[in-house]
Amino acid sequence: MTTFADYSEMIPNNIDLNSDRRLKRALESWHPKFINWWKNWGPERYQENEVYLRTAVSVDRDGWAKFGHVKMPEYRWGIFLNEQKNEGKIGFGEHKGQPVWKEVPGEFRGPLRRLIVTQGDTEPASVEQQRRLAATAPSLIDMRNLFQINVEEARHLWAMVYLLMAHFGRDGREEAEILLDRRSGDPDKPRILGAFNEQTPDWLSFFMFTFFTDRDGKYQLGSLAESAFDPLARTCQFMLTEEAHHMYVGETGITRVIQKTCETMLSKKTDDVRKYGIIDLPTLQKYVNFHFSVSLDLFGSEQSTNAANYFTQGLKGRYQEARIKDDHKLESDSYAITEIENGNFKTSEVSALSAINERLRDDYIADCQRGVDRWNKVIKDAGISFQITLPHKAFNRQIGNFSEEKVSPSGSVLSPELWDAKRDDWLPNDADHEYIQSLMTQVGEPGKYADWIAPPRIGINKQDLDYPYVRMQ
Ligand code: BYC
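All of these numbers come straight from a predicted model, not from anything done at the bench.

1. Some remarks on unusual backbone geometry
And step 1. Phi is positive for aspartate 16, which is not a glycine, with a value near 55°.
And step 2. With respect to the element layout, aspartate 16 can be found in the loop between helix H1 (7–10) and helix H2 (21–41).
And step 3. Located in the positive-phi region is leucine 330, a residue other than glycine, with phi close to 65°.
And step 4. Along the chain, leucine 330 turns up in the loop between helix H9 (305–313) and strand S3 (334–341).

2. Thoughts on the nonpolar core
And step 1. Ranked by internal contacts, the top residues of the largest apolar core, which has 107 residues, are Phe34, Phe147, Phe212 and Trp452.
And step 2. Counting residues per element, this core draws most heavily on helix H4 (residues 140–167), which supplies 16 residues.
And step 3. Counting residues in hydrophobic clusters, the runner-up holds 12 residues, among them Phe92, Ala307, Tyr335 and Ala355.

3. With respect to the site of the ligand
And step 1. With respect to spatial proximity, 29 residues lie near the ligand, and among them Gln119, Ser301, Ser304, Lys316 and Asn357 are the closest.
And step 2. Arginine 114 places a polar side-chain atom, nitrogen or oxygen, 2.9 Å from an oxygen atom of the ligand.
And step 3. Between the ligand and asparagine 306 there is a distance of 2.9 Å, counted from an oxygen atom to a side-chain nitrogen or oxygen.
And step 4. In isolation the ligand exposes 1100 Å². Once the protein is present, 80% of that is buried.
And step 5. Those elements that place two or more of their residues in the shell around the ligand are helix H3 (109–129), helix H6 (203–224) and H9.

4. Topic: the side chain of serine 295
And step 1. For serine 295, the location among the structural elements is in helix H8 (residues 281–296).
And step 2. Residue serine 295 is classed as buried on the basis of its relative accessible area, which comes to 0%.
And step 3. Within polar-contact distance, the side chain of serine 295 engages the backbone oxygen of histidine 291 at 2.7 Å.
And step 4. If near-sequence neighbours (up to four positions away) are discounted, serine 295 is found in contact with Phe212, Thr213 and Tyr364.

5. Details of the pattern of salt bridges
And step 1. Overall, the coordinates contain 37 salt bridges when judged by the stated rule.
And step 2. Lysine 393 is the salt-bridge partner of glutamate 358, the closest N and O atoms lying 2.5 Å from each other. Taken together, the positions of glutamate 358 in helix H10 (residues 356–381) and lysine 393 in the loop between H10 and helix H11 (416–426) put the pair 35 residues apart, joining distant regions of the chain. The burial state of glutamate 358 is the same as that of lysine 393; both residues are buried.
And step 3. Among the ionic pairs, arginine 423 bridges to aspartate 424, the shortest N-O distance being 3.3 Å.
And step 4. Residue classification places aspartate 424 among the partly exposed residues on the basis of a relative accessible area of 40%.
And step 5. Salt bridges sharing partners connect three or more residues here, namely Asp121, Glu128, Arg182, Arg183 and Arg191.

Rules and cut-offs
Per chain, residues are indexed from 1 in the order of the written sequence. Totals for whole chains, interfaces and linings use all residues, but because this is a predicted model, local features are given only for residues with pLDDT of at least 70 and pairs of side-chain atoms are given and counted only at 80 or more. Hydrogens and waters are ignored; side-chain quantities use all the structure's heavy atoms. What counts as a helix is a DSSP run of H or I of at least four residues, what counts as a strand is a run of E of at least two, and both are numbered from the N terminus. Among buried residues, the Ala, Val, Leu, Ile, Met, Phe, Trp, Tyr and Cys ones that are joined through side-chain atoms within 4.5 Å form a nonpolar core. When accessible area is computed with a 1.4 Å probe and restricted to protein chains, residues below 20% of their type maximum are described as buried, those above 50% as exposed, and intermediate ones as partly exposed. Nearness is judged by heavy atoms alone; a residue qualifies as near a molecule or strand once a single heavy atom is within 4 Å of it. Polar contact criterion, stated in full: a pair of N or O atoms within 3.5 Å, where within protein one must be able to donate a hydrogen and the other to accept it, and residues adjacent in sequence count only if both atoms are side-chain atoms. Accessible areas in this description were obtained via Shrake-Rupley with a 1.4 Å probe; residue shielding takes into account the shown protein chains only. Any two residues whose heavy atoms approach within 4.5 Å at even a single point are treated as in contact. Each salt bridge in this description consists of a side-chain nitrogen of Lys or Arg and a carboxyl oxygen of Asp or Glu lying within 4 Å of one another.

Have a look at this one:
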């Protein structure tokens, strides 16, 4: 076990942790509980293996990505705030132009705590969802990427716990404990948001999750990164640099699956690639349908008083608020939202403030579409006529206007009976899950890959592809 001269060295930070005795004490008492959670609910096995991980030791260019082999429980989970931007002025809402808040204003304690807890809850949830995947990793580089994502999600938990402990007193310390107690998928103490109680049982689901659900993280963190509560804004700005890598793992993971599928379709001259142990494109489409629709729910209802209040109060902005050309108050603006009336889609203009969630969801959809276009280019370049499509916004929704409706992926409003009869054509069914599961076997030799996925284009941090990214003994 590595020993450190002081706690601040163990927890790399730019918050001057050593001089804040109360915060340091609170974190020191939470730390062993976190490690206990990590050992019990973090990656199953491999805790004693050395993994080639990136650690952030400072926010500057040289410090945010230090690479080296470490055992995961000895990872240095740090706490970082980005440098101040916007000259310290609030960028939107009724306090626009006023100085940002260094402390939580009394009247916004409740909603800010709620936002931070909701964000914080997703981080350990995703680690719990992914804890069994190493046993079926398609290569060592993939296993390493999984662990990198896991330690960084845990660091994001630290980031939210820091905010709770530094700014919310005893309530914050209690919330920090509860963040370790809720459990993904546990009916008695579930994680807060729907998608974080779903299973991630296989690597196709993992790549889809990191493409679609981590992208919700990008948009939600992007909105919190605008907050008038300065420590929250700057914490989220730093988290976004890590989030980008998670989405990269998802996007390139699916690209590699598509490459292998297309190669096999061409060499074997058939669409029916399952008999060769390859993932067929229609199955991939079903996984897209599932992960996209579940992730759309994470944006909340189309019209939300919570969201309107968060914006007006300056707690949560829009994605890249400063780049939007309007008054940043939205008091007299409108936004188009869609609902279903008597079996038909109907679009109407509503107050832009109430539709903040919908606008963020639309930004997210456009971003997903850009990724899907890149996947389709791989298929097209192979000369295969198949297109992956995002299902209609109303398909398979549990939250908001469409939660009581039955809509097909192409956007037809259907009777519940008809929808149920078609469900297995649109979403992964038991046989699909079983087939994908049957492909999942671990490949633990450097430079070797499972048959259903192509090798990545490049290694990590300029290392070769056959570098020992995880030391297996
Ligand atoms: N599941 O007014 P509404 C990430 C609740 S991902 C369950 O429409 P609001 C990551 C809602 O709480 C990013 N419940 O919603 C990715 C409310 O409850 P109450 C996570 C839901 O408040 C991968 C009621 O329904 N960060 O970082 O405007 C790996 C009415 O809701 C759901 C955040 O989400 C749901 N899907 O918006 C690791 C940012 N949706 O009041 C990490 C913080 C809504 O009736 N969170 N409800 O009890 C927020 O900004 C907001 O809470 C939400 C909801 C956008 C989630």
